[in-house]
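Fold and geometry: a report
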Amino acid sequence: MYKNMISQLPNPKVTVGRCLDKLIEYRPNSDQFPIIVSQDCGDESTAEVIQSYGSQIMHIKQPDLSDIQVSPKEKKFKGYFKIARHYGWALNQTFFNFNFDTVIIVEDDLDVAPDFYEYFLGTYPLLKKDPTLWCISAWNDNGKVGLVDENKPELLYRTDFFPGLGWMLTKSLWLELCNKWPRAYWDDWIRKPEQRKDRACIRPELSRTRTFGKIGVSNGLFFEKHLKFIKLNEKYVPFTKLNLSYLTKDMYDNEFLRAVYQSAVVSYQELKDGKVAYDGPVRIPYHTKDTYKRTAKLLGLMDDFRSGVPRMGYRGVVTFHHKGRTVYVAPNLNWKGYDITWS
């Protein structure tokens, strides 16, 4: 197992220290989880901060700091080109030079939960065994206070949406992606059907990472309205001692679809006003892109799509919690798949 951190913020010397402090504090075993810090800026003060950790980490530097030629309309997005270049180089180094089999990527503006490593250790066998999975993510895009059940830190899900923000991939996946790695916008690229190939990720109810990077390449996109409200898990869950076989596709799909489509149908207003007359999960239907976006906005969910997939969606269903109750925002039972034009 292996950690790779990628510095990409305007002031990485501040963020990388904060991130590294927690990664080292919570790390159960340095042999099992060597930390490699990949630096993508020539800033000497940043390098000094990284090197101050001595033998607790390995420090590598992306050698190509040259300017990247982009079209005039993409000039203001040049940072995304540099990020993609750095990701590709760093992953090539970790898999082909250091020859690791599995990598966990942590950007330098992330805090991690006390059970961050345990979460990945517990889910690692699923990723290796289940060919319908292609990543494990520590992140819940809708993991805001008020949308999660803080009493269920052990709860995990399958999702068709690639969450990123602290995620694990295998060398076999990188072999599949490396030769066609994009020049920019790698995260949207990886969400396209030709990369995803109908595979899912595992994601938690309560995020095991939280971003503190308000200022960065994305200029605080989503931060003030959304990201700063993400709940970081605080309770240690012994995932390696839990039976997580319920997350394998056949077992999960049968139970998930039964739970979703046997749940009672309610409106947003009934849920908001507390006028649901029964206990248990409920379902809010949607049939069009606009209906979903309106409903998501009202509920406080992220309302965007990437390659037709809503954030945290699985088989079109987005699951969250409202005052301790499971709520599904769901298409019809005869759902035919994602519409890539819903983006």
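Further up the page is the structure itself.
Position labels on residues start from 1 in each chain and follow its written sequence. The model is predicted, so local features are restricted to residues of pLDDT at least 70 and side-chain atom pairs to those at 80 or more, both for listing and for counting; the totals for chains, interfaces and linings are taken over all residues. To get the side-chain values, all heavy atoms of the structure are used, and hydrogens and water are removed first.

Glancing now at helix α8 (residues 249-261). With 13 residues, α8 ought to run about 18 Å at 1.5 Å a step, and its terminal C-alpha atoms sit 18 Å apart, in line with that. Only protein chains enter the accessibility calculation, which uses a 1.4 Å probe. A residue is then buried if its area is under 20% of the maximum for its type, exposed if over 50%, and partly exposed in between. Only DSSP runs of H or I with at least four residues qualify as helices, and only runs of E with at least two residues qualify as strands; both kinds are numbered from the N terminus onward. Of all the residues in α8, the buried ones are Tyr252, Asp253, Phe256, Ala259, Val260 and Tyr261. Its buried side turned inward, α8 meets β7 (156-159), β12 (282-285), β15 (318-322) and β16 (325-330). A helix is expected to span 1.5 Å for every residue after the first. Contacts are assigned to residue pairs that have any heavy atoms within 4.5 Å of one another.

The working definition used for a salt bridge is a side-chain nitrogen of Lys or Arg within 4 Å of a carboxyl oxygen of Asp or Glu. Evaluated as defined, the whole model comprises 24 salt bridges. Arginine 311 serves as the salt-bridge partner of aspartate 141, at 3.3 Å between the closest nitrogen and oxygen. Taken together, the residues aspartate 141 in the loop between β6 (133-137) and β7 and arginine 311 in the loop between β14 (309-310) and β15 connect sequence positions 170 residues apart. For the pair aspartate 141 and arginine 311, a shared accessibility class is recorded, and that class is buried. Of the charged contacts in the structure, one is a salt bridge between aspartate 303 and lysine 293, with a shortest N-O distance of 3.7 Å. Of this pair, aspartate 303 sits in the loop between α10 (289-299) and β13 (305-306) while lysine 293 sits in helix α10; the two residues are 10 residues apart in sequence, bridging distant segments of the chain. Given a relative accessible area of 16%, aspartate 303 falls into the buried group. Counted as one network, the salt bridges with shared partners bring together Asp141, Asp188, Arg191, Asp304, Arg306 and Arg311.

Once that is clear, we can look at unusual backbone geometry. Located in the positive-phi region is aspartate 198, a residue other than glycine, with phi close to 60°. Mapping aspartate 198 onto the fold places it in the loop between α7 (193-196) and β9 (200-204). The residue arginine 315 is not glycine, and still its phi comes out positive at about 55°. Secondary-structure assignment places arginine 315 in the loop between β14 and β15.

Turning to the pairing of β6, a few remarks are in order. Most of β6 sits inside the fold, with 5 of its 5 residues counted as buried. Should DSSP find at least two bridges between two strands, the strands are taken to pair. Note: β6 against β9, 3 bridges, orientation parallel. Bridged to cysteine 135 within β9 is cysteine 201.

Bringing the side chain of threonine 209 into the picture now. Summarising the element assignment, threonine 209 is placed in strand β10 (residues 209-211). By the criterion applied in these results, polar contacts are pairs of N or O atoms within 3.5 Å in which, for protein atoms, one can donate a hydrogen and the other can accept it, and in which residues neighboring in sequence qualify only through two side-chain atoms. Polar contacts involving the side chain of threonine 209 include one to the main-chain carbonyl oxygen of leucine 165, which spans 2.7 Å. Residues within four places of threonine 209 in sequence aside, it is in contact with Leu110, Asp111, Val112, Phe116, Ala138, Trp139, Leu165, Gly166, Ile230 and Leu232.

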